[in-house]
Structure formats: C-alpha cells, structure tokens
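# Report on the structure
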Amino acid sequence: MKIFQPSWVHHDEKSIFAIDIHPSGERFATGGQGCDSGRVVIWNMAPVLSEEAEANKSIPRILCQMDNHLACVNCVRWSGNGIMLASGGDDKLVMIWKKTVGGSGGIGAFGGSGKSVEHWRCISTLRGHAGDVLDLAWSPQDRWIASCSVDNTIIIWDAQHFPKIVHVLKGHTGLVKGVTWDPVGKFIASQSDDRSLRVWKTTDWSCFKTITEPFEECGGTTHILRLSWSPDGQYLVSAHAMNGGGPTAQIIERDGWKCDKDFVGHRKAVTCVRFHNSILKRLAPKTKKLQQYCCLAVGARDRSLSIWLTALQRPLVVIHDLFQDSILDLSWSCDGYTLLACSGDGKIACLQFTAQELGTPLSEEDKNILYQRMYGKNANFDLTVQAEKEMIVENSDFLNVSKSNPVPPTLIPQQQQQQQQPGIQKDNTNHVYTANKTVQSSSSLGQAPTPILKQIETKTADGKRRITPMFIPLNDDNGPVVNSANVSTPIEFGSKSTEGMSSVEMTKIASEVHETSASLDNAMDVTENTSKLDNRLKKLATIPPQKAEAMPSTEQVAASSTLNPPTPNQRLVERTRQPTYPTGKATVIQGNFFKAFGEVRVQVQNNSVKTSYGNLCRVLGMSVNAQRIEKKIWETVIGSPVVCFAVGAKYAIVCSQDHTIRVLDIKTGTPIFPVVSLTSPAVQCAFSSNSQLVAVVTESGIVRIWNVSEKSVLLSTNCSEIMSGSYVTILHVSDQGMPFIVLSNGSSYCYCRKLDSWMLLNSSDPIIRHGLIGNKANAPVRNIKVYPLSTIQSYGNFSGPKTNSFAELHSAAWQTPASIAFIENQIKICEMISSPTELKYWYSMLGFQLALNGSEEKIRQVLDELLGASHSIDNRMGEDDNPSVLGISKHVLMEDVLNHLKSQTKWQRIYTEYLDQLKFLKDRDGRDKPLME
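Residues numbered from 1 in each chain as written. Predicted model: local features only at pLDDT ≥ 70, side-chain atom pairs only at ≥ 80, totals over all residues. Heavy atoms only, no water.

### Focus on the overall build of the chain
Assigned secondary structure in the chain consists of 16 helices and 56 strands. Taking the contacts inside the chain whose residues are at least 6 apart along the sequence as the reference set, 55% of them involve residues at least 24 apart. Carbon and sulfur atoms provide 50% of the accessible area of the chain, an area that totals close to 40,800 Å². (Helix = DSSP H or I, 4+ residues; strand = E, 2+ residues; numbered from the N terminus. Contact = heavy atoms within 4.5 Å. Areas by Shrake-Rupley, 256 points an atom, 1.4 Å probe, with all protein chains shown as cover.)

In structure tokens:
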C-alpha cells in the first residue's frame, strides 16, 4: 500500500467537502468552498498516480474549474457512464455538468487567468430543495439521481428528463445527510439527523423500512452522513451509529434488515462509508478455498481511515491522523486499487493498493451468476423498462414512430425489389409461374415462390434431349429464407441472366448496372445441390419439356428455351454440356464447350485435330446475330488440352493442361501478350466486370491478376496458406483488382494488398455464422458488381445453431456483442473492398442493432466517430478527420443510425443531442440538405 498527499490539489486553503473518481479513472472531481462561491474542480488523475507525470510540466494537473455555485459545494458525483457530473451545495441547487467541445463553463486556474484543458457546461440546474443539498447519488444505469437536503426531504430526479422530479420522499423529521441506492435497483436508503435510517421502495417510492435502534444515542455532530450499499446488495452500512457508548458504522443485513453487526474502533463519529465498486475474490490464506467478499473504507471525525473486508473480523488497515480535520468523503477508482479521501482541512490523500492486498474483482460473468442466484436477475438489469412505458415523448420525431416491432434494413431497397417482379402470372393448376419459370414454394411459412434462374437443354450422344435446371434455390440448413418474394431472379456473380425476363425487367437491369460483369466458371453447379433437392421438383413433372430451337451446327450445344428469345441487351450467356464435379485439380474439358459475351461466342473443342505431332485443341470465335445465325470469325489451335477459360467484353483467357495461359482478342483471336506459364495448371479464371483485369488461380494456389490493356501484372500472391486441404471453387476479381475466392469447405476470402493478407469473409466461425444467419433479411443476393461482400458470403454452406430453442438462443447475453462485432467487421471489409452500397447498409444495420440492444456508451462512440474527431466530446477519439467514407459523407451515415434510434423512445435524448450537433455543423458549413425524413 502506498499513501500520497498531492499538495497541489486544494481549493485555495478552503475546505474540500466531496471527492469522486471518474468511471474511466482518468480524472476526478472535488467540491467545496471557493474564494467567494462554491467551487467544483476537475483534476487530472495521472499526476496523482505517477511521479513522472507529476514532474512533467506538459501534463496538466487541473482540467477545469467551475465556480457557478453561489455557496459551498457539499457533494460531487459522476454518473455511471461518466458523461455527466452532478454537484449540490448550500445554494439549494443541484447542477448537472457535461463536457462540451468548447465555450463557457469553466476557467483554467483559480485566479481565472488560465485556459481550461476541458470545457464543462452546466446543462441543467435542478431547483426543488428548500435548504442546503448535502448528498447526491446516481441510480444504477443512471436512470435517476437522488439528492437529500436539510429540508428533511429526498428528491428523485429523472436523469433522462432534467429537471423533471419523479418523486419527493418525505418522512424524515431531521436533516437528511446521506443517500445511497441499492445496486439491485429495488431500494434507496437515506440517513438523517432524526436518528433514523429509512429504506424506500423504488416501485412506488413508499417507505419500506425504518431503522432507529443503532442511532438512538447519536447526536447531530457530523456535517454529513454518507452511507453505502455493498456491490452484492447484501449489506447496507450506515455512517454515525453508537454501540455501548462508542461510535460505530452499523452493518444492516438485507435479509431481515438485522442490525447485529457493526464496524468498531473509531474514537469519534463515522462521517462517511464507501464500498469498493466490485465484488472481490481470493484464496483464503489457510484453507486455500476461494472466497468472495466486499471491501469498504470508513472515514471519521477522529481524522482516521480504516479499510475492512467482509471476509475478515478485523480491519485490513487503519491509518490514524491522515488529516488535520474530519474525513468528509471517499471514492474508489474503477480498477478498485486506488482510494481517494478528502478532508475539511482542504487536502486530499491517495491510497494505492495491490491485488495481493485487496483481491481481484469478480468477472462480469461470475457477477451475473451471483446476481442470478441471489435475485433471479442479471447484473445488467434495466431499470428503464418499466419507466420507458411511461416516458414522455419530448421530441416530435418520436410521435409517429410505429409501436410495432422495428423492421431491420434491407440490402436491396424495397421499391427496387417490387419493381423487379413484373409480368408474373400464376398457373393454379401446375403451381408454376409461367412468365419467369418460378416454382411455388412448399415452405410451411407461406413464403412467395423462389425463381429458377434458367434451364438448359442438352443433347446426349444418342440424340436424346435432356433438360437440366441450372439453379434451384432451396431452403438451407439454416431454415427458410425470409422475404424471398421481394428478391428477383437470382443474379450469378456479376451477371444478371436475361433469359426468361420481360423487356421491363431488362430495362430495369440496364439502368441499375451499366456494365454487367462476367460470370465465373462453375459458379453454381447443380450437381452440388442434388443431395438437397426437395419435393418441389416433383411439381415439375407435370410440365412438358421445353422445345429447343435447332442450331445451324449440330456440334453446338442447344440454346435455352424459345419461350423468351435473346434480346440485344443480353450481355452474357454461359452453357456447359454436362455438369462437372470440381476436385481442385485441373480437368480437361470434354466435348464441345462454349461461352458467350454479347454477340461473340468462344468455343473450345479439345483433341479435335489429329496430327503426327499430337492432338490439338481448336478454339473458335463465333458471332451470333439477332436471328441466331452463327458465323465463324476466327479460329486458332492450341497444343495442349484446355482445362478452363473465361470470356470478357474484349478478351478471352484460355488455360491449358501444360500450365500455359493465353489471352486472346475476342474479335480476332490474336494473342494480346505472349504465352505465359505457371508452375501448375489453372483451375479457375475470371475477368473483372470492366474486362480490364483477368485473374487465374492454379492447383498449387498461385494467384495472378493481370491488367490486360497495360500488359502488366497487378497482383502476384498465393492462397495455399488458407486452403488447408480444400480447393478453390469460385474466383472473382473486382474492377479494383481484388481477388475473391470461395473454397470447397465453404470459407471465402478476399486479398487486400494494403494489408498484404487474405481477409476472411465467411467461415465456420460462430460469430460469422450467427451474424450471417441473424442478418439474413432477404434471399441470397447475387450481384458481384454492386454487392460483392454479400454475394461471396451467400455461397457459404455452414449450418445454423444446433439448438432448436429459439427462446434460448435469443436470450443469451452474448448475442448483442456478437452481432455488433460482426457488423463492425462487415463495415471494415466494405471499406477495404470499396463497396459503398453495402457499407451504407451495414451502418444502417449497426444503428438497428444499437437501437434495440445497444448501450449508451456504444451508441455515443459510434455517433462520435461519424460526427468527426474534431467535434467529438471524447478527446480519446481517433485522428481520422476524413469527412467521408468511400465517397459517402459520414454525416449521411450518422443520419441512418439516428433514424433507427427513433424506434426506441429511451434514446430520444441522445437522438436530439446529436441531431442538434449535426444541424449546427451543416448550418455552419452552409449546407441546406434535409436532415431527417
């Protein structure tokens, strides 16, 4: 234990009546007498705890001084979240202080000539007492604040609606000199000069218990009577009591309110008691068994201080003659190892303990278990639940808020979803939507049908026709997809298939995405889902096969159904002769295989030319006009079988079994740059949506991205470090040159050159699984250009929770921090991959989650970050002053978050506070944009 008395902490040699440490431990406040008024001073904690900081003149000692009280300040208390400071004095007032960006509210030195390091402004003055205010106490979760006075009353103030008075507690017949809250939130206790201690119920504010026996011999000899409740709620310890003619601190047990124990030893009346903020634990010295106990400090008029543990019968330490006058107040730091005391002589003392001396605080989980066992409730109980029902709406923005369950944001705007559903007609006989070939869902939840992307008719060697659905959405292991009716035909990686779409739909797609990107090889193989097919496929049995229109060449694969002929707007069509079974190894393409982009089609015919040197592969370029008449425009041969290829707007890439790679002009077939060779054959290749970049990944995990027009390499890396026995099944490259890969085990990654690392997008991680399932508000989004992150993550095949109990799952305490951690990670990924649409969506989802389950501290942290470091009241914010993210103003994102806060009346104070700041900044910058709609 160390004891230190900083001589520089003083009130110009006037008395210091109150002291309190900020919850962050970075500052503390003192209250007392000033030169000609009451004084409140906020001090820096660092110079008190560190000799180096004390000697460093660049570290300020005093942060702010407020001389607004007209008479002596008797008490100062920080709110539990550290946002506000309350002070009460002989001027009958309670003042609520709050830190501001700048302006009036305090001076920097006692003479007033210095400059404040921090600015604290009185945001509310509470008038209600008819006499001196002697003590203050914030309730758990800062729902209320209680003040007691020499007018014999205790006033309960509504801390969310200052200066509203909730109730005035009357019953004492003498000066009320101390008040404290039950940590469980059920009671509030007060001690008075009328030789009584009263316990009041917080439900109806009635007097529940009056205790007088320990105080019958007491006289009104103390300025204050600061009592305290133990953090486990089991013990209430009073100030000045008497036992056998000697002064004591009376222990009152919650169980039966028994008064058969007390703390003895002080020679004069006990003035203040303060429990340690945490329940402590340690191994008993003799038995080595784990003990749980509470710690408290006791100060008295005899100028001595004693520290007690409820596990010991004697005090842990007693310090005599610590001051030259009575000890008037005590305060523990947030970590529990620092105790500050103040005295009527105008000085303070700092006591520093170690974990070996006091013990270690109980973890939040263990505290919750203890509270659950004792009181049947969590330690983080919410006192505002009942109060919120009776809360007065102060802001008109909250009047029209729906009282129904809040609706989470959607990635695709609702209006856009509805516009993508035209031309659907229902066949009641076959339960098939004939216009878009959609199958009626068999979900018991009555969801709307989910569309089939397209069908392919192929011819086998014996001339028979086979119709194969390319994509049939099924309910995965995580349960039925919600709101599937609001999502149009699924979009495969960067391309909106236009087959089977009306001209209205085509126009909508063309306006939404100017350039559709090339799809990926094997992006969705029907054979991978055959084990999951359900009885919905049986409904197709009543539908006759669609007739195929014969192509000029019998060697070509038949095109899609003639129900909807191709249109000039069609950008990409991809066909396979038969489904493939990816194994992670380069497999030679069998038979004829073609891919098309616009009016040009590239066809591969392996081993079609026999020579004395060996078999050659033919690669042909074909043009297809509006009448579907083909014309060969170029042809080339390759000396090794083709294992994969891709087609873009200007180029085609062909990868062979001998590790070679060729990039050809799609119009002429001429090579763009020489044949290149890697250490192993490619298994996947793809163009970016603008066709400027092409990417390949090989069997061994080599990843290359080339800028075709510049004939240069953009990225050379390796993904073998993340494959872990799996292989790449899907590859995409963004226009910015970032490769996205999906592995056979369902995990997906994106490589970031800034971080020189693979960013994890999806895996079996519980946080990711919970986040993706919990935020699945729509059917899987498949548009790699506009929604790259959501598209890649939709290809995970991880199952949902093992438990079948929805109530058990959604009542767990881990849900909120897990959801927020997931959403914040999604935001960071969107920033790195430059996806502004998804960034805005995930910020909106963050606001939705915070409005429902977030804490005030977290909400303020998010809003402060979006408001900007230079405007935040928290000087610990980062140094990022960039006003926008990916071209989106941070203030726009802030408005999205604030819009969700409107769904919960309890956040109306925060909403109004930050909305006012936002309006001020916009007015100052001369922006006349509407804020909230």
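Still more to cover.
### What to know about the sheet that holds strand β5 (residues 62–66)
Read from one edge to the other, the open sheet built from four strands follows the order β2-β3-β4-β5, with strand pairing classed as antiparallel. Both outer strands of the open sheet, β2 (16–21) and β5, are each paired with one neighbouring strand and no more. Averaged over all pairs of adjacent strands, the angle between their axes in this sheet comes to 15°, without regard to strand direction. (Pairing = 2+ DSSP bridges. Axes fitted to C-alpha atoms, helices over the stretch in contact; angles between N-to-C directions.)

### Section: the side chain of D158
Tracing the backbone shows D158 in strand β12 (residues 153–158). When its relative accessible area of 3% is taken as the criterion, D158 is described as buried. A distance of 3.0 Å separates the side chain of D158 from the backbone nitrogen of Q160, its partner in a polar contact. Looking at D158, its side chain comes within polar contact range of the side chain of H161, at 3.0 Å. Once residues lying within four places of it in the same chain are set aside, the contact partners of D158 are R143, W144, K164 and V166. (Buried < 20%, exposed > 50% of the residue type's maximum accessible area, 1.4 Å probe, protein only. Polar contact = N/O pair within 3.5 Å; in protein donor to acceptor, adjacent residues only side chain to side chain.)

### Here we look at the packing of helix α15 (residues 890–901) against helix α16 (residues 908–924)
In the contact formed by α15 and α16, the axes pass within 10 Å of each other and the chain directions differ by 155°. Comparing their axes, α16 and α15 come out roughly antiparallel. Crossing geometry of α15 relative to α16 is assigned as left-handed. Between α15 and α16, the residues in contact are H891, M894, E895, L898 and L901 and I910, Y911, Y914, L915, L918, L921 and K922, respectively. Class assignment for the residues of the contact of α15 with α16 results in nine nonpolar, one polar and two charged. (Parallel < 35°, antiparallel > 145°, perpendicular 65-115°, else oblique. Left-handed = near helix turned anticlockwise from the far one by under 90°. Nonpolar A, V, L, I, M, F, W, Y, C, P; charged D, E, K, R; others polar.)

### So, the environment of Y843
Considering the arrangement of structural elements, one finds Y843 in helix α13 (residues 836–853). Given a relative accessible area of 10%, Y843 falls into the buried group. Sequence separation between Y843 and D896 is 53 residues, and the spatial gap between their C-alpha atoms is 7.4 Å.

### Some thoughts on the pairing of strand β44 (residues 651–656)
Remember that side chains alternate between the two faces of the sheet whenever the strand is regular. β44 sits mainly inside the fold: six of its six residues count as buried. By the alternation rule, side chains of β44 split into Y651, I653 and C655 and A652, V654 and S656, which are all buried. As paired elements, β44 and strand β45 (residues 660–665) share five bridges and run antiparallel to each other. Bridge assignment links C655 to a residue of β45, and that residue is I661. Between β44 and β45, which pair antiparallel one after the other, the connecting turn spans three residues, and H659 there sits at a positive phi close to 80°.

### A word on helix α12 (residues 815–833)
With 19 residues, α12 should cover 27 Å at 1.5 Å per step; its first-to-last C-alpha distance of 27 Å lies within 8% of that length. Within two residues after α12, S834 carries a phi angle of roughly 55°, on the positive side. (Expected span 1.5 Å × (residues − 1).)

### As for the pattern of salt bridges
Evaluated as defined, the whole model comprises 26 salt bridges. With its nearest N and O atoms 3.4 Å apart, the salt bridge here joins R303 to D321. Taken together, the residues span a long stretch of sequence, with R303 in the loop between β25 (295–300) and β26 (305–309) and D321 in the loop between β27 (317–319) and β28 (327–332) at a distance of 18 residues. By relative accessible area, R303 is classed as partly exposed at 32%. The shortest N-O distance in the salt bridge between D735 and K785 comes to 3.4 Å. Highlighted residues: D735 in the loop between β51 (728–733) and β52 (739–743) and K785 in the loop between α9 (766–774) and α10 (788–793), separated in sequence by 50 residues. Classification of D735 by relative accessible area gives partly exposed; the value is 27%. Take K785: its relative accessible area is 34%, and that puts it in the partly exposed class. Several salt bridges converge on common partners, so that one network encompasses R77, D135, R226 and D329. (Salt bridge = Lys/Arg side-chain N within 4 Å of Asp/Glu carboxyl O.)

### What about the environment of V619?
Mapped onto the secondary structure, V619 falls in strand β41 (residues 614–624). With relative accessibility at 0%, the residue V619 sits in the buried group. For the pair V619 and I638, spaced 19 residues apart in the sequence, the C-alpha separation amounts to 7.5 Å.

### Comments concerning the sheet that holds strand β29 (residues 338–343)
Strands sit in the order β1-β30-β29-β28 across an open sheet of four strands; the sheet is antiparallel. Edge positions in the sheet fall to β1 (2–4) and β28, since each has one partner strand and no second. On average, each strand axis in the sheet is inclined to that of its neighbour by 20°, with strand direction left out of account.

### As for α16
With 17 residues, α16 should cover 24 Å at 1.5 Å per step; its first-to-last C-alpha distance of 24 Å lies within 8% of that length. Residues Q908, I910, Y911, E913, Y914, L915, L918, L921 and K922 constitute the buried set of α16.

### Let's talk about the packing of aromatic side chains
Taken as a whole, this structure holds 19 aromatic pairs when the rule is applied. By the ring-pair criterion, three or more aromatic residues cluster together here, those being F187, F208, W229 and W257. In this structure, K595 packs its charged tip against the face of F645, placed 4.9 Å from the ring centre. Lying across the ring of F594, R601 places its NZ or CZ 4.1 Å from the centre. (Phe/Tyr/Trp six-rings, centres within 6.5 Å; stacked < 30°, edge-to-face > 60°. Lys NZ or Arg CZ within 6 Å of the ring centre and 35° of its normal.)

### A short note on the confidence of the model for the chain
Caution applies to low-pLDDT regions: their predicted coordinates should not be interpreted in detail. Overall, the predicted model of the chain reaches an average pLDDT of 78, with 73% of residues at or above 70. Here residues 467–581 is modelled with pLDDT under 50, and outside its nearest four sequence neighbours on either side it reaches 277 contacts, counting other chains as well. Taken as a whole, residues 873–878 scores under 50 in pLDDT and shows 15 contacts with residues more than four places along the chain or in a different chain. (pLDDT = per-residue confidence, 0-100.)

### Some words on the packing of helix α14 (residues 856–867) against α15
Where α14 contacts α15, the two axes come as close as 8 Å, and the packing angle between them is 155°. Accordingly, the angle class assigned to the pair α14 and α15 is roughly antiparallel. In this structure, α14 contributes I859, L863, E865, L866 and L867 to the contact, and α15 contributes K890, H891, L893, M894, V897, L898 and L901. Of the residues in the contact of α14 with α15, the class split is nine nonpolar, one polar and two charged.

### Structural notes on unusual backbone geometry
In this model, F162 is joined to P163 through a cis peptide bond whose omega is 0°. With respect to the element layout, P163 can be found in the loop between β12 and β13 (165–170). Notably, R195 is not glycine yet its phi reads approximately 60°, a positive angle. Tracing the backbone through its elements, the reader meets R195 in the loop between β15 (187–192) and β16 (196–201).

### Considerations on the pairing of strand β10 (residues 133–138)
Where burial is concerned, most of β10 is hidden: six out of the six residues are buried. Relative to strand β11 (residues 144–149), β10 runs antiparallel, the two sharing five bridges. Within β11, the position partnered with L136 by the bridge is S147. From the end of β10 to the start of β11, which pair antiparallel, there are five residues, and Q141 there has a positive phi angle of about 65°.

### What about the nonpolar core?
If you look at the biggest cluster of nonpolar residues, it comprises 53 residues, and the most contacted ones within it are I833, W842, L846, L863, M894, L898 and L901. Residue contributions to this core peak at nine residues, all from α13. With 38 residues, the next largest nonpolar core counts I661, F673, I722 and V733 among its residues. (Core = buried A, V, L, I, M, F, W, Y, C linked by side-chain atoms within 4.5 Å.)

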